[in-house]
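Here is what each chain is made of, one letter per residue.
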Amino acid sequence: MTPEDLRRVVVVEELDVSVDGRTAIVVRRWIRGNRYLGHLYAIDVGSDRAITRPRQLTRGTIRDTRPRLCPDGHTLAFVRTDPTDDDSVAAIHLLDIRRPSRVWPLKVGRHGAVGEIAWSPDGQRLAFTAEVDPPRFITGSTTPIWRRGKAAADEAPLARHISRADWRWDEEGHRDRWSHLFVIDLPSGRPRQITSGDWGVSDISWFPDNRTIVFTSDRGPDPDVHPRTTIWSIAIDADADPREVLAPGGWATHPSVSPDGRWVAATGMLQPDPIDDVSPNVMLGPADGARAPWLLAPDLDRPVGSWVDTDLTGWFVYGRNGPFWLDESRIVATISDQGRSHPHVFTIDPATGEPRGHERPAGGDVVTHTIAVARNGLVATLGTLGTRGLDVQTLDLSAGSSRPTWQTRSSFGSRWQDAFDMPDMRLVQARGPGGRIDVWIASPAGAADSPLPAVVDVHGGPLGSWAPAPHLEVILLASHGYRVILPNIRGSATYGADWIRPQLGDWGGVDADDVHAAVDHIVQLGLADPDRLGVMGLSYGGFMTNWLIGTTDRFKAAVSENGVTNQVAGWANSDGGPEFDRAALMGDPLSPDGIERLWRQSPLRYVANVRTPLLMLQAEADRRCPAADNEQFFVALRHLGRTVEYVLYPDEYHVYAAAGRPDRRIDRNRRILDWFDRFLR
């Protein structure tokens, strides 16, 4: 595999399934030139045949996303943009999957780009979220959002008069407008705006009455300083305000209403102001909000959702990981555990809501990216299996089914890998000071067990976790003769609170010890040449790279990407810095003790010790780990006369390595490979 082979990578990244469990709809994303295109496909998942030929529904130079099948089983709503037009606004389109040649847009309302869409249970209404006026901070004359053209879009505002700390967010830039809830009555209605105010709406879902919608919002007194999302409902045909129905002490997202309308399930935490060693769980509460919510698996100690690192999932869209209702007594949600993620089934007493237990129907080296549930008990997923990219898989969880097993239903999401030798992935356990450390070793296909130049790659987060499915950069490095060491050090979220807690407020302490222990183990196995070791990482992995080369000389080359160097500056410069640092017990600049703790965990403190050649890669528009922080490290190293290079990618955000412009991703991969070849060969 070469850096240019990135253009051959395909990702099947979004999923919905018909209510009868016979048809799955997916988005297949691929690269043409320097653009990403997305087309919709229908897959027969009700057939007795395991894999059937996908049927292409849309074509052309377009990007179709967010497919949602109507309960009628054939009307498909989705969001379309034109990737060749920078002014293209995401808009809802419809098609009949039986006759997909005709695609028609819904009538445009007075709103901006569409975000989420959701059908009512009877299929007569469509709810969606979209950006609305008025702008939050812009001063001076502004063009209404529904009339913006190229000239208006290119014109900078007079000013932004900012009074809240949530004016920016990574991958969004300036948060000038909120997204609010709209409903359209089909077939001939026009969109009606249902909510408004200085707050946003997300995670929309319907009650079974077809007249009420539940959603996530943060409507606290100071949401920019003390963020706390809770669950709200609103009657769409009445002139009424939203009503809070699920309000835990911590937070809640992704609501889902039971088929009988009695209960609302969601993902969240009960504890007020939770810290990072508390994992989000599935919670339940009455739909009228009469009682406080409770957890369905309080002793689970594993996070709901896919908290696993592999960019074979695409990283363009957040997966849908539940909770979803199978029936009145069973709820499905993804749980991450030891570098894998699988659907779990939570059972309740439908009369009382009392939890009755939970189970994992099927295991394996699977990373579940998104799930969808049908009424017949079929659970469709997009997931990786071993080293393979995302494809459609199903589990039969109908009441009378025997022990379910995975059935792979597509191959066109991972077929591109057949042109390359995938790395051999081996899981070993290294003895660390805090216990056994899971370490994935990615080796060149068919390589002998002899010492090779090796690169340790530290995952992000730190609440991430390496998986059996490798990153593209891991495939690339292994293709060029490197072993890649992928340790799930303390702080990795899929191993429980006891594995996270020691790392809180101790960045560069126990986590760095675990990196060294993992590398020592691979060297002792005779798989890594101790004189040809490199280190790299993105985000928190970039922090760890910067930290390690300031505290040891064992690495001969390093690549840090969108990392952290000065925690004192990062507290305010990062879009979510204050809340992130609070939950991670990092400290704050509001007291001498807080500043000392932040500085103690800052690689800039040790910059004078750096002798390792360092390549720094930075997304210029990154709000999560902004360029200003990392430039402090670069400028200091230049003044010290050390070997350092800094590559700045314009207009890119934090995860541009997986979701940025294709030519920039290729350039990034080529530079990584050339850097390690230069110093480790």
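Residues numbered from 1 in each chain as written. Predicted model: local features only at pLDDT ≥ 70, side-chain atom pairs only at ≥ 80, totals over all residues. Heavy atoms only, no water.

A. Representation of the side chain of Ser602. Looking at where Ser602 falls in the secondary structure, it is placed in the loop between helix H8 (592-600) and strand E39 (614-619). The exposure class of Ser602 is buried, given its relative accessible area of 0%. A polar atom in the side chain of Ser602 sits 2.7 Å from the backbone oxygen of Leu598. The residues contacting Ser602, other than those within four sequence positions of it, are Trp547, Thr565, Asn566, Gln567 and Val568. (Helix = DSSP H or I, 4+ residues; strand = E, 2+ residues; numbered from the N terminus. Buried < 20%, exposed > 50% of the residue type's maximum accessible area, 1.4 Å probe, protein only. Polar contact = N/O pair within 3.5 Å; in protein donor to acceptor, adjacent residues only side chain to side chain. Contact = heavy atoms within 4.5 Å.)

B. Looking closely at the packing of helix H2 (residues 472-479) against helix H11 (residues 662-680). Interaxial distance between H2 and H11 falls to 11 Å at its minimum, and their mutual angle equals 40 degrees. By the angle between their axes, H2 is oblique relative to H11. Considering the relative orientation of H2 and H11, their crossing is right-handed. Contacts between H2 and H11 involve Leu472, Glu473, Leu476 and Leu477 from the former and Arg665, Arg668, Asn669, Leu673 and Phe676 from the latter. The residue makeup of the contact of H2 with H11, split by class, is 5 nonpolar, 1 polar and 3 charged. (Axes fitted to C-alpha atoms, helices over the stretch in contact; angles between N-to-C directions. Parallel < 35°, antiparallel > 145°, perpendicular 65-115°, else oblique. Left-handed = near helix turned anticlockwise from the far one by under 90°. Nonpolar A, V, L, I, M, F, W, Y, C, P; charged D, E, K, R; others polar.)

C. Summary view of the packing of helix H4 (residues 510-524) against helix H5 (residues 540-551). Interaxial distance between H4 and H5 falls to 11 Å at its minimum, and their mutual angle equals 80 degrees. Here H4 lies roughly perpendicular to H5, going by the angle between them. Residue-level inspection shows Asp511, Ala512, Val515 and His516 of H4 in contact with H5, the latter providing Tyr540, Met544, Trp547 and Leu548. A per-class count over the contact of H4 with H5 returns 6 nonpolar, 1 polar and 1 charged.

D. A look at the nonpolar core. Counting residues in each nonpolar core, the largest one holds 45 residues, and the members touching the most others are Val439, Val515, Ile522, Met544, Leu614 and Phe633. Within the residue set of this core, elements represented by two or more residues are strand E33 (424-432), strand E34 (435-443), strand E35 (452-458), H4, strand E37 (528-538), H5, E39 and helix H9 (627-640). Those residues within four positions of Phe633 in sequence are excluded, and the remaining contacts are Asn546, Thr565, Pro603, Leu604, Val607, Val610, Leu614 and Met616. Formed by 25 residues, the second largest nonpolar core is a distinct cluster that contains Ala442, Leu486, Met536 and Ala557. (Core = buried A, V, L, I, M, F, W, Y, C linked by side-chain atoms within 4.5 Å.)

E. Representation of the sheet that holds strand E9 (residues 114-119) within the structure. Across the sheet, 4 strands lie side by side as E9-E10-E15-E16; this open sheet has antiparallel pairing. Looking at which strands have only one partner, the edges of the open sheet turn out to be E9 and strand E16 (192-193). Where strand E15 (residues 179-185) meets E16, 2 bridges bridge the pair, whose relative direction is antiparallel. By the bridge assignment, Val183 is partnered in E16 with Arg192. (Pairing = 2+ DSSP bridges.)

F. Seen up close, H4. The first and last C-alpha atoms of H4 sit 21 Å apart over 15 residues, in line with the 21 Å expected at 1.5 Å per residue. Buried within H4 are the following residues: Val510, Asp511, Ala512, Asp514, Val515, Ala517, Ala518, Val519, His521 and Ile522. Gly526 occupies a position one or two residues after H4 and carries a positive phi of about 75 degrees. (Expected span 1.5 Å × (residues − 1).)

G. Up close: the pattern of salt bridges. Counted by the stated rule, this structure contains 44 salt bridges. Put simply, Asp198 and Arg164 hold a salt bridge, and the shortest N to O gap is 3.2 Å. Taken together, the positions of Asp198 in the loop between E16 and strand E17 (202-206) and Arg164 in the loop between strand E12 (159-160) and strand E13 (168-169) put the pair 34 residues apart, joining distant regions of the chain. With relative accessibility at 44%, the residue Asp198 sits in the partly exposed group. Between Arg597 and Asp593 there is a salt bridge, with its nearest N and O atoms 3.3 Å apart. (Salt bridge = Lys/Arg side-chain N within 4 Å of Asp/Glu carboxyl O.)

H. Structural detail: the sheet that holds strand E38 (residues 557-561). Across the sheet, which stays open at both edges, the 8 strands sit in the order E33-E34-E36-E35-E37-E38-E39-E40 with mixed pairing between neighbours. Edge positions in the sheet fall to E33 and strand E40 (644-649), since each of these pairs with one other strand and no more. When strand polarity is set aside, the average angle formed by the axes of neighbouring strands in this sheet is 20 degrees. Summarising the sheet, E34 and strand E36 (residues 483-487) pair through 4 bridges and their orientation is antiparallel. Within the sheet, the bridge partner assigned to Ala442 lies in E36 and is Val484. Sheet contacts for H4: E33, E34, E35, E36 and E37; angle to E33, the most-contacted strand, approximately 115 degrees. Where H5 meets the sheet, its contacts fall on E35, E37, E38 and E39, and the angle it forms with E37 comes to roughly 135 degrees.

I. Spotlight on H9. If you check H9, its first and last C-alpha atoms are 20 Å apart, about what 14 residues at 1.5 Å a residue would give, namely 20 Å. For H9, the set of buried residues is Ala627, Asp629, Asn630, Phe633 and Leu637. Buried residues in H9, looked at end-on, bunch into an arc of 165 degrees, giving them a common side. Here the buried face of H9 lies against H5, helix H6 (567-573), E39 and E40. Gly641 lies just past H9 and shows a positive phi near 75 degrees. (Arc of directions from axis to C-beta.)

J. Inspection of the packing of aromatic side chains at higher detail. All chains considered together, the criterion is met by 17 aromatic pairs. Relative to Phe412, the ring of Tyr41 lies with its centre 5.2 Å away and its plane at 70 degrees, an arrangement referred to as edge-to-face. In this pair, Tyr41 is assigned in strand E3 (residues 35-44) and Phe412 in the loop between strand E32 (407-408) and E33, connecting sequence segments 371 residues apart. What links up through ring pairs into an aromatic cluster is the set Trp507, Tyr540, Phe543, Trp547, Phe580 and Tyr606. Taking the ring centre of Trp232 as reference, the NZ or CZ of Arg219 above it sits at 4.8 Å. Residue placement shows Arg681 over the ring face of Tyr482; its charged tip is 4.3 Å from the ring centre. (Phe/Tyr/Trp six-rings, centres within 6.5 Å; stacked < 30°, edge-to-face > 60°. Lys NZ or Arg CZ within 6 Å of the ring centre and 35° of its normal.)

As far as function goes, none of this settles anything; it's purely spatial.
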